[in-house]
Amino acid sequence: MIAVLKRLWKHGIGTIPKDELLHVNGRGKLLLDDTKCTACGDCVLECPSEALSLRRVQNEFDFSITYSSCISCRVCTEVCPTNAFSYANEPMPSVQLRDELVVHYTINRDESEPKGEIVSDRDRREVILKN
Amino acid sequence: MKISRIIVAPHELIHACRTVIANHGRFITMVASDECGREIDRFVVRYIFAHDGKSMLNVVESVLTESNCSYPTLSSMIPAASWAEREAHDLFGIFPEGHPDLRPLVLHDDWPEGVYPLRKDYALREKQERDSFSSWSYPKVEGEGVFEVPVGPIHAGVIEPGHFRFQVMGDSVLHLEAKLFYTHRGIEKRSEGMSVVKGLYLAERICGVCSVSHALSYVQAIEQISETRVPERAIFLRVLFAELERLYNHVGDIGNMCAGIGYAYAVNHGAHLKEQLMQLNDFIVGHRFLRGSIALGGVTEDITEEKLRYIETTLERVKKEFNEIVEQILSHDIVVNRFSNTGILSERIARELSTVGPTARASNYDIDVRRDLPYAAYDQLVFEVPTFMEGDVMARFKQRFLEARQSFQIIEQVINRTPKGDIRVPIGDLIPYSFGIGMTESPRGENVHFVMVGENNTIYRYRVRSAPYANWPAVPICVPGNIIPDFPLINKSFELCYACCDR
Ligand code: SF4
Ligand code: SF4
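Residues numbered from 1 in each chain as written. Chains lettered and ligands numbered in written order. Predicted model: local features only at pLDDT ≥ 70, side-chain atom pairs only at ≥ 80, totals over all residues. Heavy atoms only, no water.

## Brief notes about the UniProt feature "binding site: Mg(2+)" (unreviewed entry) in chain B
All names here are of chain B.
1) Next: Look at the UniProt record and you will see "binding site: Mg(2+)" (unreviewed entry) annotated at Glu188 and Val464. With the annotated positions falling across 277 residues, the maximum pairwise C-alpha distance of 7.8 Å places them together in a single cluster.
2) Next: With respect to the secondary-structure elements, Glu188 resides in helix H3 (residues 187–191).
3) Next: For Glu188, the residues in contact, after removing those within four places along its chain, are Glu87, Leu118, Arg461, Tyr462, Arg463, Val464 and Arg503.
4) Next: With respect to the secondary-structure elements, Val464 resides in strand E14 (residues 459–465).
5) Next: A relative accessible area of 0% means that Val464 is categorised as buried. (UniProt positions renumbered as here; feature names shortened; annotations may be inferred. Helix = DSSP H or I, 4+ residues; strand = E, 2+ residues; numbered from the N terminus. Contact = heavy atoms within 4.5 Å. Buried < 20%, exposed > 50% of the residue type's maximum accessible area, 1.4 Å probe, protein only.)

## Remarks on the pairing of strand E9 (residues 172–179) of chain B
Residues and elements named next belong to chain B.
1) Next: Of the pairings in the sheet, the one linking strand E8 (residues 163–169) to E9 comprises seven bridges and is antiparallel in character. Bridging from a neighbouring strand, Arg165 pairs with Glu177 of E9.
2) Next: Linking E8 back to E9 in an antiparallel pair, the connection comprises two residues, with Gly170 at a positive phi of about 65°. (Pairing = 2+ DSSP bridges.)

## Section: the domain arrangement of chain B
Residues and elements named next belong to chain B.
1) Next: Looking at the assigned domains, one finds that chain B contains domain 1 (2–97) and domain 2 (187–475).
2) Next: The interface of domain 1 with domain 2 comprises 33 residues on the first partner and 24 residues on the second.
3) Next: Interface area, domain 1 with domain 2, both sides summed: about 2,300 Å², of which 64% is carbon and sulfur.
4) Next: Where domain 1 meets domain 2, there are one salt bridge.
5) Next: Across the pair Glu446 and Arg26 runs a salt bridge, and its minimum N-O distance is 2.9 Å.
6) Next: Between the two partners, domain 1 and domain 2, sit 10 residue pairs in polar contact (both at pLDDT 80 or more).
7) Next: Of all the secondary structure elements, the ones that give two or more residues to the side of domain 1 that touches domain 2 are strand E1 (2–7), strand E2 (26–34), strand E3 (43–51), strand E4 (56–64) and helix H2 (81–92).
8) Next: A total of nine residues in the side of domain 1 that touches domain 2 trace back to one element, the largest contributor, which is E2. (Domains from an automatic or database assignment. Buried area = accessible area lost by both parts, 1.4 Å probe. Salt bridge = Lys/Arg side-chain N within 4 Å of Asp/Glu carboxyl O. Polar contact = N/O pair within 3.5 Å; in protein donor to acceptor, adjacent residues only side chain to side chain.)

## So, the sheet that holds E2 of chain B
Residues and elements named next belong to chain B.
1) Next: If you trace the four strands from one edge of the open sheet to the other, you get E1-E4-E3-E2, paired in mixed fashion. Two strands in the sheet have a free side with no partner beyond their single neighbour: E1 and E2. Across the sheet, the axes of successive neighbouring strands diverge by a mean angle of 20°, strand direction being ignored.
2) Next: The pairing of E2 with E3 spans eight bridges and is antiparallel. Each residue of the ladder has a partner; that of Thr29, found in E3, is Ile48. (Axes fitted to C-alpha atoms, helices over the stretch in contact; angles between N-to-C directions.)

## As for the interface of chain A and chain B
1) Next: Contact residues are listed per partner, giving 23 residues for chain A and 28 residues for chain B.
2) Next: In total, chain A and chain B occlude about 2,300 Å² of area from one another, counting both sides; carbon and sulfur atoms represent 52% of this.
3) Next: Connecting chain A to chain B are three salt bridges.
4) Next: Two residues, Glu301 of chain B and Arg74 of chain A, come together in a salt bridge whose shortest N-O distance is 3.3 Å.
5) Next: Mapped by element, the contributors of at least two residues to the side of chain A that touches chain B are helix H1 (2–11) and helix H3 (75–79) of chain A.
6) Next: The element that contributes the greatest number of residues to the side of chain A that touches chain B is H1 of chain A, accounting for five residues.
7) Next: Partitioned by chemical class, the residues of the side of chain A that touches chain B number 11 nonpolar, six polar and six charged. (Nonpolar A, V, L, I, M, F, W, Y, C, P; charged D, E, K, R; others polar.)

## Structural notes on the packing of H1 of chain A against helix H7 (residues 264–285) of chain B
1) Next: At a minimum axis separation of 12 Å, H1 of chain A and H7 of chain B run at an interaxial angle of 45°. Taken together, H1 of chain A and H7 of chain B sit at an angle that is classed as oblique. Helix-helix and strand crossings are classified by hand; for H1 of chain A and H7 of chain B the assignment is left-handed. From H1 of chain A, Val4, Arg7, Leu8 and His11 of chain A reach across to H7 of chain B, where they touch Tyr265, His269 and His272 of chain B.
2) Next: Of the residues that constitute the contact of H1 of chain A with H7 of chain B, the class distribution is three nonpolar, three polar and one charged. (Parallel < 35°, antiparallel > 145°, perpendicular 65-115°, else oblique. Left-handed = near helix turned anticlockwise from the far one by under 90°.)

Following this line, the structure appears as structure tokens:
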């Protein structure tokens, strides 16, 4: 009984002190190194939660990451042939509007041979491979 | 691990399996597959046996033609094969002749007859009209004063779905019938054609709390096919992740078992410790359930010296508190009263149903993959496998406690002995249509993955026999003779997961 009371006195009914809470929030924010990416589209096709998209805009590619969809699973990191992804040591951003959670990168690769235009349509949840 | 294959005609299956068992083979599971794509007519059944201590598996295979897809059942000789044969009957339409109980298992009664989703000609997203008027048939106890109590599939707490029918006389349970597979997600079908790289991420998500173990079983199967030698540092780190997973599960379960008798103090303090361990996981690999830590050919994340020291100090603290809490729980009269002699699983049934993990070890069935068929770095580490004779809830409680203490010791050894070096190598070539079998000891017991690869590094057939799949059949056997309020306690003492049983 005394041992139980002592424990309750020390820890409450099971609380963790504030300063010991959550060192980091998960794996961190997904980043793309746009100098490495060749716009091959592998990651877009494999991402299980449609968080990536790649669109051709004239001679360039617009690559976007939607943080509200990303589950930090690492699939893109594993399939990318050029190791273009990394994780920042900071939590996933949180904002009020979903659209603010999208970052865009412009990929300009003359030598790249993309598999076609790959559009990840978030609303229809499917990946369309054109050409 | 060596795999030796024995290929026989269907009518010789019984004889071949009897010979393997006589040579001390331990039945693990049966894997059926539809291999029409590779010019085999058409189904293959594979019975897998382990030779503990020899690091060897026996696979007894037989081909069943499409015109005559029946084979003699092994369930009367090996009761543990019953579920696997019923599952193959549901999903492939192959018929085990003489099987004592061929009621639907995985697909339930509302699934249309003659539709077999795991056959290769069944499209992935094909939908079926369900027959909502079909009823479930099951054995019952009837008579004056006998009542039936249905429970689930939706439960009062935040737990997974399972349906139970109790036939009771007063408070005592006379018979229990369990209906599972409500969370059958078709993971095995989904994986077919998936690249082996992405398959790993599917494997990690089969179960919420055994992610490392599932991932490890999967990568071991692939590494076996490709004959990859994983670097020394990586295999030690794999042990570290696997043991951290065991720890947070066992520590949480110890507290959670007390929820079965409404002992809130222990539940909360168990959860408090579990939370600290999960935050430790988050700190070292960036995921509370350690997902994304295992990679094909090694591990994804190196653990720096500073992190190792942090693990050491955290575990030191958790260990002290854990001992303290368990001592307090076990000194409580009501706990001892309710835990002892409740839900007894006899050694004979534990062996016949090939149960695994803490469940088996609490019933004096001494098996542990880490020791018997060592993987990763377990053969270089010193640890004990605690066993108990009683087979009741108390034995399962104490078994988990002692096993968790061993985990603390294993992690200590890993921290002091992990060699320097690479953490990952690229995997070798995968020869199409070869298979591998990965086995690990998850917190709930032996976890077996059978992976057959197809062309272009894709998965051709994937079969998962998780630990709960082996242990679930034992639960309804333990309950009769106890009172209904003991059922939650017995169920929690097995701590079985529904999702990785149902897949
Ligand atoms: S981490 Fe996973 S969910 Fe996020 S972008 Fe990459 S593949 Fe998609
Ligand atoms: S897989 Fe890598 S190289 Fe290809 S599009 Fe994605 S980030 Fe770019």
